[in-house]
Amino acid sequence: MTAAAPSTVDSLDTPCLLLDETRMARNIERLNALMAGHGVQLRPHLKTPKSIEVARRLMSTPQGPAAVSTLQEAEQFAAAGVTDLLYAVGVSPAKLDRVLALRRRGVDLTVVVDSIEAAQAVARRARDAGDPIPALIEIDCDGHRAGVQPGNTEQLLAIARTLHEQGACLRGVMTHAGESYGCDSIEAIADMAEQERQAAVSCAEAIRKAGLPCPVVSVGSTPTAHFARSLDGVTEVRAGVYVFFDLVMAGLGVCEVDDIAATVLTTVIGHQPDKGWILVDAGWMAMSRDRGTARQRVDQLYGLVCDASGKVYPDLLLAETNQEQGIIKVRPGSAAALPDLPLGAKLRIVPNHACATCAQHDAYEVVRDGSPEVVAHWERFRGW
């Protein structure tokens, strides 16, 4: 729902979440073009925006396809007319009633399993309901999280047969190269993308060789989606944070800081000149506790500081956070000077992890290309 928006950034109460629609559109266009070049369908992951308005700009049709990470997301997007959804987290038996309720509403909702026990639970509930719930088998391509090991063909086929023969619908395989977030070069990301592709494709081939269906081969992470050398054998790619990008993605070389579309607007509320501090009203409740860049070559602490138009101040960081207050300092070792920012001045903080920071807020205040005008207010939702 779009409500009347305040006229300028300066009129907004802080802290609040700003979204630069111009940057977002550029990010979306970039990945769409890459997927078109590979000839592969993009299934955007809506876990980052959690917003109907943003989803409409991400998806190729109003009906999808899209991926979600919670059933709350699935229910919200289904209410807005999205009918092609992948619930891309291993499903627990207790959630299958909500899955079936969505499917009864006409949503083609696919679930994910990675064990015989999970496959049996899905198949049993599908059989009882008379609805062949479609499922993808998750493959562990990099040791990052859940999934069947690519070399464990016995387990893979046992899960596949359970789904196919006991009442569910074996739709294919999926994997996620989460370890790409730890790569130290573009070449390493490209290597990880190939590892991801090979794991999924080899498992799909093993399933088909056993005489079982495997129409979907789904892979994806934002880094690997941007630097995959080949997507041969893949039917769809999933990615999420690319819509906004963040400092972790910039640290990996996936984007530039000027591509980051979501920032937190904050206000200067005090000074401690003897300590070299500027105090603002954005603490960890506004930014999140995420310190993803701490593992990278350049640690951005809690975020880069920009002026109200989005121009970065060199070596100025949100260095410390309390619950509702943040402390801005010059980067340790830098020769930069602390800027003279008066009480009440508005600033923007560029976040480490867009998903985590956006999750602290209920709405986006939409701006365009550095303009102070606020052009829209887009609601977002939270919960599971």
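This one's a predicted model, so the numbers in the text were calculated from it and none came from an experiment.

1. So, the environment of leucine 316
Working step 1: You can see leucine 316 is positioned in strand β14 (residues 312-321).
Working step 2: By relative accessible area, which is 1% here, leucine 316 ends up buried.
Working step 3: A C-alpha to C-alpha distance of 58 Å links leucine 316 and alanine 210, two positions 106 residues apart in sequence.
Working step 4: When residues no more than four places from it in sequence are discounted, the contact partners of leucine 316 are Gly303, Leu304, Val305, Ile328, Lys329, Val330, Leu338 and Pro339.

2. Thoughts on the sheet that holds strand β6 (residues 108-113)
Working step 1: Read across the open sheet, the eight strands follow the order β3-β10-β9-β8-β7-β6-β5-β4; overall the sheet is parallel. A strand with exactly one partner marks an edge of an open sheet, and here the two such strands are β3 (41-44) and β4 (66-68). Across the sheet, the mean angle separating the axes of adjacent strands is 30 degrees when strand polarity is ignored.
Working step 2: In the sheet, strand β9 (residues 216-219) pairs with strand β10 (residues 236-239) via two bridges, with the strands oriented parallel. Among the inter-strand pairings, valine 219 is bridged to a residue of β10, identified as valine 237.
Working step 3: Where helix α3 (residues 71-79) meets the sheet, it contacts β4, β5 (84-90) and β6, and its direction lies at approximately 140 degrees from that of β4.

3. Digging into unusual backbone geometry
Working step 1: A cis amide bond links threonine 14 with the next residue in sequence, proline 15, at an omega value of 0 degrees.
Working step 2: Relative to the helices and strands, proline 15 is located in the loop between β1 (2-3) and β2 (16-20).
Working step 3: Residues other than glycine seldom take positive phi values, yet lysine 50 does so here, at roughly 45 degrees.
Working step 4: Its location among the elements puts lysine 50 in the loop between β3 and α2 (52-58).
Working step 5: In the Ramachandran plot, serine 288 falls in the positive-phi region, its phi being about 85 degrees despite a non-glycine side chain.
Working step 6: Within the secondary structure, serine 288 sits in the loop between α10 (284-287) and β13 (304-307).

4. Brief notes about the layout of surface pockets
Working step 1: Its volume calculated, the largest pocket comes out at about 720 Å³.
Working step 2: The wall of the largest pocket is formed by 32 residues, among which His144, His176, Gly178, Tyr181 and Val248 lie closest to the centre.
Working step 3: Elements represented by at least two residues in the lining of the largest pocket include exactly β5, β10 and α9 (247-252).
Working step 4: Residue contributions to the lining of the largest pocket peak at three residues, all from α9.
Working step 5: Classifying every residue of the lining of the largest pocket by side-chain character gives nine nonpolar, 15 polar and eight charged.
Working step 6: By volume, the second largest pocket amounts to about 210 Å³.
Working step 7: As for the second largest pocket, its lining consists of Lys47, Lys50, Ser69, Thr70, Cys355, Ala359, Arg382, Gly383 and Trp384.
Working step 8: By residue class, the composition of the lining of the second largest pocket is three nonpolar, three polar and three charged.

5. Concerning the environment of leucine 17
Working step 1: Inspection of the secondary structure puts leucine 17 in strand β2.
Working step 2: Residues leucine 17 and histidine 361, 344 residues apart in the sequence, show an inter-C-alpha distance of 6.6 Å.
Working step 3: Look past the residues within four positions of leucine 17 in its chain and what remains in contact with it is Thr263, Val264, Cys358, His361, Ala363, Tyr364, Glu365 and Arg380.

Conventions and cut-offs
Residues numbered from 1 in each chain as written. Predicted model: local features only at pLDDT ≥ 70, side-chain atom pairs only at ≥ 80, totals over all residues. Heavy atoms only, no water. Helix = DSSP H or I, 4+ residues; strand = E, 2+ residues; numbered from the N terminus. Buried < 20%, exposed > 50% of the residue type's maximum accessible area, 1.4 Å probe, protein only. Contact = heavy atoms within 4.5 Å. Pairing = 2+ DSSP bridges. Axes fitted to C-alpha atoms, helices over the stretch in contact; angles between N-to-C directions. 1 Å grid on protein atoms, 1.4 Å probe; cavity = no way out; pocket = protein on both sides within 12 Å on 5 of 7 lines; lining within 4 Å. Points joined across faces, edges and corners; volume = space filled by probe spheres on them. Nonpolar A, V, L, I, M, F, W, Y, C, P; charged D, E, K, R; others polar.

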